[in-house]
Every structure is written in structure tokens, then in C-alpha cells.
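Below are the chains, spelled out letter by letter.
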Amino acid sequence: MLKFISIFKFVSFVIIFAFMTDVSANEQQKKELNPISLSTLANIDNQIFIDPWLSLQTLSKFAPDYSTMAVETKIWWLLRKAQCENLLYFYQDFEKTIAKIAPLITNTTSFEQQSRYNYFEGLSLQRKGGYQKSREFYQRSMDFAKKENLNHLYIKAKQELAYTYSLAELFEISLKDMQEAYVEAYALNDRFLVAVINETYGAIYGYMLEHEKSIEYYQKALDIYESLNYKAHVSEAIYGIASTYRYWKKYDLAVTYFKRYQKNVAFTPNENITYFGAYGLGMTLAEQGKCPEALDMIEQALNLAGLDDYDAELYKRKTSCLIQLKRFNEAEEALTKTNELFLSLPELLGTAWQLETLKIASDLASAQGNYQQAFQLLSQYNQEYTALLIRNSSTRAITIRSAMEIERQGIEKALSNQRTKAELLAIENKEQKSIQQSYFIIFLLTLLMIVFVVVTFQFRNNRKMAELSIKDPLSGLYNRRYIFQYLDELIAGTSVEKGELSVLVIDVDDFKVINDTYGHPVGDQVIEVVAQLAKQALRTEDVIGRIGGEEFLCVLPRTDVDIAEKIALRMKDEIHAYKFEFEENQDYSVTLSIGISCYSQEASDAKSLYALADQALYQAKGMGKNSVVVFS
């Protein structure tokens, strides 16, 4: 989990050094602690981040004096102890420590202490899956920080608030808050806060499956953490990179970084820290299909004190591996445990993570020969997952995200140039006061030029992005977002009385076999050829888009079911007639399965039209593929 720090004040080093010195006599401890306790405890962030274990040991030496401490000193001592425990992954001790703080907080407690306490409560709830309650505590932390202009605490809480929104897949809100936090941190010129925010950007983009951008932000954070020698944060950034490579299916790189993470966590004596390394390796090996090794690693992780949402993912992969090994009774037990964990995390219900359990249950039923149940579960998964994708791919979310990314880059450039020019003006003012006015005019002209360049760049870039945002780069067809948006708009102007409308959902048969046998470049070639042939088989007014790996959606305006079926059959036959040369002197044909649905009272919106065509597609698959089925 991500952590934050306020700007380190060099002048506090002497006080910190005195505080960290081991005093043998108890009376001498009291004598030195009392006069400097508050200033010492309030200014040791940097020391804790560099060596949390040594800091915790030093703080523990003052435990015998706890009962004699003033209330304000007690709160500070407990806050710093919790900070160390959090960085060392002593989560149970961390929970106990913040529980001791709660009864000490009153209306007279300083705003800084209340802000830090609420921040820690938010972290605690976040780990337990209580995202909504967690966000309430982060908001309180921000409110207290704002009352005394505690900018660093405010930004820390704001960053965690944004991250918590992303865990519940509320990416639009998350990115908006992250944008604001980044601009504020950059204006403070605080490298550590910028690194923490970059790390969070890495996590959010990873959840959004934008893997390359995720790695880019994680690496920026890692570079700064390593330069600051903040061991806990270095480990977290490495773990984030490893996880992103896993989601990206670059498994060898994922394994390399997970092993690097295991070496880097040697800074803490907490044995349970091995949970996260075992979790990452177990998930990666399972996704690689190395199930015997994966099961051993997954069991290691499950036997340690982990997090419920992480355990749910482990049980999902465990179930899949047990299915692969035909250990069906154990697979059923693991799947039951998975569902129990998700029920205990209500804010994850309906997310992609939880919906995957339906697909795994379908795989288990199929492996046991219960094909009807498997089909029903898979259909339910496809319907619910499709609805989720449509919600998450809204035009508004994508537009806001793109706009904020461009705006952030522009603001960063403007702030950087402004800071540089201001420093130059300050130097010149000392040396040549007589030409101050000239430099000021130059500064204004430069700033205006920067604004002009930024505005021009944004205008041109936005125009290019608007053009590129509707096209799928591989097939050259419209992308999923555009084709569904087009279908929504077409339906809005269509009624049963005014005209007819049909849709085709097309899937390349045995596409995985082609990829596995001949490689992904050949698979890409198949997608390109199928896309062009399918487009040629359509009429001028028809619209086609690529909505998945090997899946396409055709929208046929003013078309009844008979004409739609003829178009589908013509498309299927023309593509089947095309000969691919995957190997020398050997031709290969591909086939399509096509599902058709028509606009009607029962299917009067894009979601239901697509769902019915998708059901017809699965019927075509069940009929032996290379078939066209009209939903009825």
C-alpha cells in the first residue's frame, strides 16, 4: 500500500540524531525525551522512511514511559509507532496501535494529529475492503489538514482517496482526484509526493489495462524512491511493476520482478511479508499454466496472514489449476471459498474480479461433463461482463481521462518554465537592478509564448486524438466504443414503425488454435484479412467494428432478418474461400460463426440487441461452428 511523507527539514536532523541515540539509564531517557519529545516526534518522517525497523526499535525504548507522557505526546508516539508498523507490514500491530489512539482524540487535539489519525483509519479500512467508509476517513483527514494549511498531509490523503476509488473501478472520479493531487504536489516541488502520485497512477492505469503507461509511471516512482533510499517504497514500486507485467501476460518479466521484490523486503523482520511475493509468483505461474508449481506457491501464500481481496484472487487461480489437474472435489471447495470471500467484500461485487468466478464455475461444470450448466454460467458471465465493459468504456470517461492527461502535461511544462524563469529573475535582480524591468517583460513574453504553444499543441493533438479514438489500429475498423455509440444513436432515431435494424456478432472459429500453432503475427494477419473481407461483403450503409480479440459487430440499418441472413452467409462463404499460406506450400482456410438479432419490442436497445446476437453466436458455435444462426 502506498505511503506519504512531508518535506524533510534538514534542521531537524540534530534533534532526530539525539532521539535515536540509545540512552542506557531510564532517568536519563526521561530527562532527554521530555523537553524535545514533541518536536522530535513531529519531525522524524524521513528517518522512519529510510529505516522503519531501527525507528520502531528506538520508539519502543520509550514504551515504559508511556503512562507518564502528556496526552499530546502519547498521540504523537502512537502515530509514529503506527507509521513504522505500517511500513514494516506489521498490520495486526498497526491495527492495535491506531485503536489506542481513538480514545485519546478530542476536540482539543491538534489538526495535524487528527489528520494523521484519520489517514491511518482510512488505510486500515481500505485493506479490509471497506472502501466507502475508508473514503470518509480520507475526506476527514483532508478537512483537518486544510484547516492549518498542512499541504503534504492534504495531498497524502487525497492521493489515497483517489486510489480507493480506483479499487472500486470508479476510474473517472479517481483520475480527476489524482490530477488535482499531482498539480498540487508538483507546485510544492516535492519529489517524494510526486513519486507517490506517479506510483498511484501506475496502479490505476494497471487496473485499466493500459500496461505500458502503468510501467512508465511505476518506473518514474521507483527512480525517485531509490535516490531517496526509502526501502519500503522501493519494494512497493517493484511489486507494482511485477504485477503490471503479470496482467500484461509478460510472465518472465513478472517472475523476475517478483523475485527482485522478495530480495528487497529483507529490510523488515516480518515473516508475513513473504505473502505478497508468494501471491505474485503463485498467480503468475498459474496464469502460465505451470499448475503444480503454482499450487505450491499459492498454498504458501494462503497459509500466511494476507488480505481478503488478495486471497480471493489466489483461490480463483487455485480453482483453475485444480480443474486443469482434474481434481474436481478440491476445485469445488476452492471455488466455494472464493465466493465466500467476495461476499465478505460487498464493494467488489459486480466488478471484473468477482464476475470471473462465473467463468471459472463454467469451466468446472464443463470439465465435469455438465455442459448445460456450463453453457448457462458462461452466458451469464458474458452478459454481465459485457454490461460492465459498456459502462466502463463510456465516452465521457475516456474524454475526461485524455483531457486531464494533456492538461497535466501542459501544466507541468508551464510550472517548470515559470519556476526556472522566476529563479533567473531573482539572480538577475541582485546583480543588475537597473535591468529588472527588461527581464520582467522578457519573462511575460516567454510565458505568453509557452501558453500559445501549449494551446496550439492541445488543439492539434485533440483533433488528431478525435480521429484516432474511433479506429481499431490492427483491423482498421471502428473500435468497440464507437460501434456501440453508433448503434445507440441509430436506435435513438429508429422505431418498429419507422424502419428495421439488424446486427451481426461475428467470431473467428478456433482463433486460439491459430495463435498457438502459428504464432501471434499470423493471428494478427488473420484479423486484418477477415476485417477487410467482411467489410467488402457489406453494403455502403452498413457499419462494422472490432469489439474484441477475434470478435466483430456489424450494424445493418433498414435491414430485416432475411436480408441480414443473406449478408451473413455471403460474408461467411467469401472468407471461407480465402486461402491463407501459414506454411510454405500449404493453404489454410478460416471459418466464421455468426449470430444475428433484429430490432424489436423485445430488443429495443443496444445492450439487448448485442446480447441476443451473442446468444445466437454461441448457438452457432454449439452447432459445430462455420454457421449462421438467427436469434429466435
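It should be emphasised that the depicted structure is a prediction, and the values quoted were computed from it without experimental measurement.

(A) Spatial organisation of the overall build of the protein. A count of helices and strands for the protein gives 27 helices and seven strands. Looking at the protein residue by residue over its 632 residues, the buried ones come to 49%. Contacts in the protein between residues at least 24 apart in sequence constitute 67% of all its contacts with a sequence separation of at least 6. For the protein, the exposed area adds up to about 30300 Å²; of that, 53% sits on carbon and sulfur atoms.

(B) Summary view of the pairing of strand 2 (residues 543-546). Taking every second residue as pointing to the same face, both faces of strand 2 are buried, with Val543 and Gly545 on one and Ile544 and Arg546 on the other. Where strand 2 folds back onto strand 3 (residues 551-557) in an antiparallel hairpin, the turn is made up of four residues.

(C) Region of interest: the sheet that holds strand 3. Sheet architecture is open: five strands sit in the order 2-3-1-6-7, paired in mixed fashion. On the outer flanks of this sheet lie strand 2 and strand 7 (628-630), each paired with one strand and no other. Across the sheet, the mean angle separating the axes of adjacent strands is 20° when strand polarity is ignored. Relative to strand 3, strand 1 (residues 501-508) runs antiparallel, the two being bridged by seven bridges. Considered in strand 3, the bridge of Val503 is made with Val555. This element, helix 23 (residues 480-492), spans strand 1, strand 2 and strand 3 of the sheet and lies at about 25° to strand 3. Along the sheet, helix 27 (residues 606-622) contacts strand 1, strand 3, strand 6 (592-598) and strand 7; its crossing angle with strand 6, the most-contacted strand, is approximately 145°.

(D) Focus on the pattern of salt bridges. If you walk through the whole model with that rule in mind, you get 20 salt bridges. As a salt-bridge pair, Glu216 and Lys220 come within 3.7 Å of each other at their nearest N and O atoms. You can see Glu216 and its partner Lys220 sitting in helix 12 (residues 211-228), four residues apart, about one turn around the helix. Using a relative accessible area of 35% as the deciding quantity, one classes Lys220 as partly exposed.

(E) Structural view of the packing of aromatic side chains. Considering all chains together, one arrives at 28 aromatic pairs under this definition. Judged by centre distance (5.2 Å) and plane angle (85°), the ring pair of Tyr275 and Phe276 falls under edge-to-face. For Tyr275, a relative accessible area of 0% corresponds to the buried category. Using a relative accessible area of 9% as the deciding quantity, one classes Phe276 as buried. Taken together, Tyr239, Phe258, Tyr261, Tyr275, Phe276, Tyr279 and Tyr310 form an aromatic cluster joined through their ring pairs. The ring of Phe137 has Arg140 lying over it, and the distance from NZ or CZ to the ring centre is 4.6 Å. Cation over ring: Lys213 sits above Tyr205, and NZ or CZ is 5.7 Å from the ring centre.

(F) Focus on the nonpolar core. Residues Phe120, Tyr225, Tyr261, Phe276 and Leu314 are the most contacted members of the largest nonpolar core, which totals 110 residues. Sort the elements by how many residues they give to this core and helix 11 (residues 191-207) lands first, with nine residues. Those residues within four positions of Phe276 in sequence are excluded, and the remaining contacts are Tyr89, Tyr91, Tyr239, Tyr261, Leu307 and Tyr310. Leu477, Val526, Ala534 and Ala537 belong to the second largest nonpolar core, which has 32 residues in total.

(G) Here's a closer look at the packing of helix 17 (residues 308-324) against helix 19 (residues 352-367). In contact at an axis separation of 10 Å, helix 17 and helix 19 are set at 15° when each is read in the N-to-C sense. Considered as vectors, helix 17 and helix 19 are oriented roughly parallel to each other. Here helix 17 runs over helix 19; the crossing is left-handed. For the pair formed by helix 17 and helix 19, the contact residues are Glu313, Lys316, Arg317, Thr319, Ser320 and Ile323 on the first element and Trp353, Glu356, Thr357, Ile360, Asp363, Leu364 and Ala367 on the second. Across the contact of helix 17 with helix 19, the residue classes break down as five nonpolar, three polar and five charged.

(H) Examining the confidence of the model for the protein more closely. Across the protein, the average pLDDT comes to 80, with 81% of residues at 70 or higher. Note that pLDDT drops below 50 for residues 1-36; the model gives that stretch 82 contacts with residues more than four away or on any other chain. Note on residues 395-400: pLDDT under 50 across the span, and seven contacts to partners over four residues away in sequence or across chains.

(I) Examining unusual backbone geometry more closely. Phi at Asn149 takes a positive value of approximately 55°, unusual for a residue other than glycine. Structurally, the position occupied by Asn149 is in the loop between helix 8 (131-147) and helix 9 (151-167). Here Asn149 falls in the exposed class, since its relative accessible area comes to 61%. Here the phi dihedral of Lys326 falls at roughly 60°; this positive angle occurs in a residue that is not glycine. Residue placement: Lys326 occurs in the loop between helix 17 and helix 18 (328-343).

(J) Up close: the side chain of Gln83. Structurally, Gln83 is set in helix 5 (residues 71-87). You can call Gln83 buried: its relative accessible area is 6%. Apart from the residues within four sequence positions on either side, Gln83 is in contact with Asp45, Ile48, Phe49, Arg116 and Phe120.

(K) Layout of the pairing of strand 1. The buried fraction of strand 1 is high, at eight of eight residues. Burial along strand 1 is two-sided: Leu501, Val503, Val505 and Asp507 and Ser502, Leu504, Ile506 and Val508, pointing in opposite directions, are all buried. Two elements, strand 1 and strand 6, share seven bridges in a ladder whose sense is antiparallel. For Val508, the partnering residue across the bridge sits in strand 6 and is Leu592.

Criteria and cut-off values
- Residues numbered from 1 in each chain as written.
- Predicted model: local features only at pLDDT ≥ 70, side-chain atom pairs only at ≥ 80, totals over all residues.
- Heavy atoms only, no water.
- Helix = DSSP H or I, 4+ residues; strand = E, 2+ residues; numbered from the N terminus.
- Buried < 20%, exposed > 50% of the residue type's maximum accessible area, 1.4 Å probe, protein only.
- Contact = heavy atoms within 4.5 Å.
- Areas by Shrake-Rupley, 256 points an atom, 1.4 Å probe, with all protein chains shown as cover.
- Pairing = 2+ DSSP bridges.
- Axes fitted to C-alpha atoms, helices over the stretch in contact; angles between N-to-C directions.
- Salt bridge = Lys/Arg side-chain N within 4 Å of Asp/Glu carboxyl O.
- Phe/Tyr/Trp six-rings, centres within 6.5 Å; stacked < 30°, edge-to-face > 60°.
- Lys NZ or Arg CZ within 6 Å of the ring centre and 35° of its normal.
- Core = buried A, V, L, I, M, F, W, Y, C linked by side-chain atoms within 4.5 Å.
- Parallel < 35°, antiparallel > 145°, perpendicular 65-115°, else oblique.
- Left-handed = near helix turned anticlockwise from the far one by under 90°.
- Nonpolar A, V, L, I, M, F, W, Y, C, P; charged D, E, K, R; others polar.
- pLDDT = per-residue confidence, 0-100.

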